[in-house]
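Reading the structure
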Amino acid sequence: MKAPTRPLRDRPDPQALRAVVEGLSARFGERLSTAEAVRAQHAATVTWVPPQPPDAVVFPRTTEEVAAIVRLCAEHRVPVVPFGTGSSLEGHVNAPCGGVCVDLGRMDAILRVNAEDLDCVVEPGVTRTRLNAHLRDQGLFFPIDPGYDASLGGMVACRASGTNAVRYGTMRENVVALTAVVPSGEIVHTASRARKSSAGYDLTRLLVGSEGTLGVITEITLRLQGIPEAISGGVCPFPSVRAACEATILTIQSGIPVARIELLDAAQVAACNAYSKLALEEAPTLFVEFHGSEAGVREQAERFGEIARECGGGSFAWATEAESRTRLWQARHDAYWAALARRPGAKGVSTDVCVPISRLADCVEETSADMAQAGIVATILGHVGDGNFHVLPLVDTADPDEVARVHGFIERLIARALSMEGTCTGEHGIGQGKMHFLEEEHGAPAVELMRVIKRAIDPHDIMNPGKVLVP
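Quick caveat, the model's predicted, so the values are computed rather than measured.

Parameters and conventions
- Residues numbered from 1 in each chain as written.
- Predicted model: local features only at pLDDT ≥ 70, side-chain atom pairs only at ≥ 80, totals over all residues.
- Heavy atoms only, no water.
- Helix = DSSP H or I, 4+ residues; strand = E, 2+ residues; numbered from the N terminus.
- Rg over C-alpha atoms; globule rule 2.2 N^0.38 Å.
- Buried < 20%, exposed > 50% of the residue type's maximum accessible area, 1.4 Å probe, protein only.
- Contact = heavy atoms within 4.5 Å.
- Areas by Shrake-Rupley, 256 points an atom, 1.4 Å probe, with all protein chains shown as cover.
- Lys, Arg positive; Asp, Glu negative; His and termini not counted.
- Charge placed at Lys NZ, Arg CZ, Asp CG, Glu CD.
- Pairing = 2+ DSSP bridges.
- Axes fitted to C-alpha atoms, helices over the stretch in contact; angles between N-to-C directions.
- Salt bridge = Lys/Arg side-chain N within 4 Å of Asp/Glu carboxyl O.
- Expected span 1.5 Å × (residues − 1).
- Parallel < 35°, antiparallel > 145°, perpendicular 65-115°, else oblique.
- Left-handed = near helix turned anticlockwise from the far one by under 90°.
- Patch = residues over 30% accessible without salt bridge, like charges linked within 9 Å, V, L, I, M, F, W, Y side chains within 5 Å.
- Phe/Tyr/Trp six-rings, centres within 6.5 Å; stacked < 30°, edge-to-face > 60°.
- Lys NZ or Arg CZ within 6 Å of the ring centre and 35° of its normal.

Attention now moves to the overall build of the protein. Counting its secondary structure elements, the protein contains 17 helices and 19 strands. The C-alpha atoms of the protein give a radius of gyration of 22 Å, which matches the 23 Å a tight globule of 471 residues would have. C-alpha extents for the protein along the principal axes are approximately 70 × 60 × 45 Å. For the protein, with 471 residues in total, the buried portion stands at 57%. Across the protein, the fraction of contacts at a sequence separation of at least 24, relative to all contacts at a separation of at least 6, is 73%. As presented, the protein carries roughly 19300 Å² of accessible surface, and 50% of it is formed by carbon and sulfur atoms. Distance between charge centroids for the protein: 3 Å, based on 45 positive and 58 negative side chains.

Okay, here's the thing in structure tokens:
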């Protein structure tokens, strides 16, 4: 379903908008911009979701400044659109109803690292790579690693995942507490640093994945992990996508604590070879990694090797040295750009689904056949250890027939995942692009309950309107 290009609610009254912009300009000076170029930079541009810029962009530095912005916007019923790095893929940062974009990039302090408690407190503009660089000397790391160097605030808002999710979980499992500004302009603290609590509603989980529709996240307490004693990884080619998926399923079902297990189809491997200067066999391939003690990693790798051979896997190319592993995983993280290079001028339309692990091979194989039958140029890759995979069609957006075929393919992909008791998105989120699939997945009563929550917290619909829920 194509993302809507018209507002789902009225734009703010021009006089009210003027009052907000004047008020923000008086308080923030040069940190408030209405320049066309700045506004355009804060609209969706990564995929084919049409960009819809805000009326103004403001750059706060503190939670109190965010609260002041939201209070002023609430007073005049002007929309508020939170912004991290702009790397989301379903139009989350678009402003279909205009309003004020709150760019949190200057709130980028690492406030506290509690090494003994394995947690830290950061502002939302901190990126995952910067946090891990800061933690490295303390023997700690934060494991969630989406493909982009996203901001942690955006990762919380979109319930991000990544290559390590099969072992360490998603943002849902790794956020301890939040500070957020809700649509009234009040500052809310959702939890303490305690590792568990049964005190009241779980407001932290309510905000994780809310995509900016319930509040602006301004401070995050995250769980950390110790850097493993030993890390071993490598790549293994397979004769087919199904064989690679079956090896993944058997690995998970056997209880092998694999840290990463990523699938790249033959087209994606070819793209990575060309872009990242690798020399991998151009066949469906699993990238795997194990974390633990020296003996544990060795045993896990041996057991995985046995499973891979049973499924027809080829010879391993193991990378035990840090530099070699980094090169392989950097190639995996650069897969989007590698795929785009296969068709210069095309737009990449990255979409994802997630299914129960037992249905993974069926879903990926049927999707590959659908791609071929529809004549779509695309690659498949994904975090298959938890049943999540991505498809990246490369689209000539000037060709209406091709655009229509890709839209149809994406709808069939989602229908296929839902028929297998899966979800329309494992980690990209709903945003504008997948709003119309939410009711099909959850049912009308559940979606109406979501609307009740949204109306209770945000009665005037100022917080990132036009996202997640169709009015």
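Pairing within the open sheet is antiparallel, and its 5 strands lie in the order S5-S6-S10-S8-S9. Single-partner strands in this sheet number two, and they are strand S5 (110–114) and strand S9 (187–189). Each adjacent strand pair in this sheet contributes to an overall mean axis angle of 15 degrees, direction not counted. The pairing of strand S6 (residues 119–122) with strand S10 (residues 216–223) spans 4 bridges and is classified as antiparallel. When the sheet's bridge partners are listed, Val121 is paired in S10 with Thr221. With respect to the sheet, helix H3 (residues 63–76) is in contact with strand S8 (175–181), S9 and S10, its orientation differing from that of S8 by roughly 50 degrees. Where helix H4 (residues 128–135) meets the sheet, it contacts S5, S6 and S10, and its direction lies at approximately 45 degrees from that of S5.

What follows concerns the sheet that holds strand S2 (residues 56–58). Judged by pairing direction, the sheet is mixed, and its 4 strands sit side by side in the order S1-S2-S4-S3 without closing on themselves. The open sheet has two edge strands, strand S1 (32–33) and strand S3 (80–83), and neither has a second partner. One ladder, built from 4 bridges, connects S3 with strand S4 (residues 100–103); its direction is parallel. Note that in S4 the partner of Val80 across the bridge is Val100.

Next up on the list: the pattern of salt bridges. This model, assessed by the stated rule, comprises 23 salt bridges. With its nearest N and O atoms 3.4 Å apart, the salt bridge here joins Asp362 to Arg359. Arg455 serves as the salt-bridge partner of Glu448, at 2.8 Å between the closest nitrogen and oxygen. The class for Glu448 is partly exposed, based on a relative accessible area of 32%. Among the residues examined, Arg455 registers a relative accessible area of 44% and is labelled partly exposed. Linked through salt bridges whose partners overlap, the residues forming this network are Arg242, Glu246, Arg359, Asp362 and Glu365.

For helix H9 (residues 241–253), built from 13 residues, the straight-helix expectation of 18 Å at 1.5 Å per residue is met to within 8% by its first-to-last C-alpha distance of 18 Å. Regarding H9, the residues found buried are Val241, Ala243, Ala244, Cys245, Ala247, Thr248, Ile249 and Thr251. In this structure, the buried side of H9 is in contact with strand S13 (258–264), strand S14 (285–292), helix H11 (294–310) and helix H14 (360–374). Downstream of H9 by one or two residues, Gly255 has phi in the positive range, about 80 degrees.

Another point: the packing of helix H1 (residues 14–28) against H3. One way to put it is that H1 packs onto H3 with a least axis distance of 9 Å and a crossing angle of 160 degrees. One element, H1, and the other, H3, form an angle in the roughly antiparallel class. Seen from above, H1 lies across H3 with right-handed handedness. Here Ala16, Ala19, Val20, Gly23, Leu24, Arg27 and Phe28 of H1 lie close against H3, whose contacting residues are Glu65, Ala68, Ile69, Leu72, Cys73 and His76.

In this section: a negative patch on the surface. A grouping of Glu299, Glu302, Glu306 and Glu310 is seen on the molecular surface, where their side chains present a negatively charged patch. With respect to the helices and strands, the residue Glu302 is situated in helix H11.

This next bit is on the packing of aromatic side chains. Overall, the coordinates contain 6 aromatic pairs when judged by the stated rule. Ring centres of Phe141 and Tyr168 lie 5.6 Å apart, and the angle between their planes is 90 degrees; this geometry places the pair in the edge-to-face category. Of this pair, Phe141 sits in strand S7 (residues 140–141) while Tyr168 sits in helix H6 (residues 165–168), and the two are 27 residues apart along the sequence. Under the relative-accessibility criterion, Tyr168 is labelled buried at 12%. Feature note: the residues Tyr148, Tyr336 and Trp337 constitute an aromatic cluster, connected by ring pairs. One Lys or Arg, Arg106, reaches over the ring of Phe59 and ends 4.5 Å from the middle of that ring.

What follows deals with the environment of Ala295. Positionally, Ala295 belongs in helix H11. Classification of Ala295 as partly exposed rests on a relative accessible area of 48%.

Let us look at the environment of Ser151. Tracing the backbone shows Ser151 in the loop between S7 and helix H5 (152–157). Judged by relative accessible area, Ser151 falls into the buried class, the value being 3%. In this structure, the C-alpha to C-alpha distance between Ser151 and Arg130, residues 21 residues apart in sequence, is 9.5 Å.

As a further point, take unusual backbone geometry. In the Ramachandran plot, Arg159 falls in the positive-phi region, its phi being about 55 degrees despite a non-glycine side chain. Summarising the element assignment, Arg159 is placed in the loop between H5 and H6. Taking the relative accessible area as the measure of exposure, Arg159 reaches 39% and is therefore partly exposed. Although it is not a glycine, Glu211 sits at a positive phi angle of roughly 60 degrees. Within the secondary structure, Glu211 is located in the loop between helix H8 (203–207) and S10.

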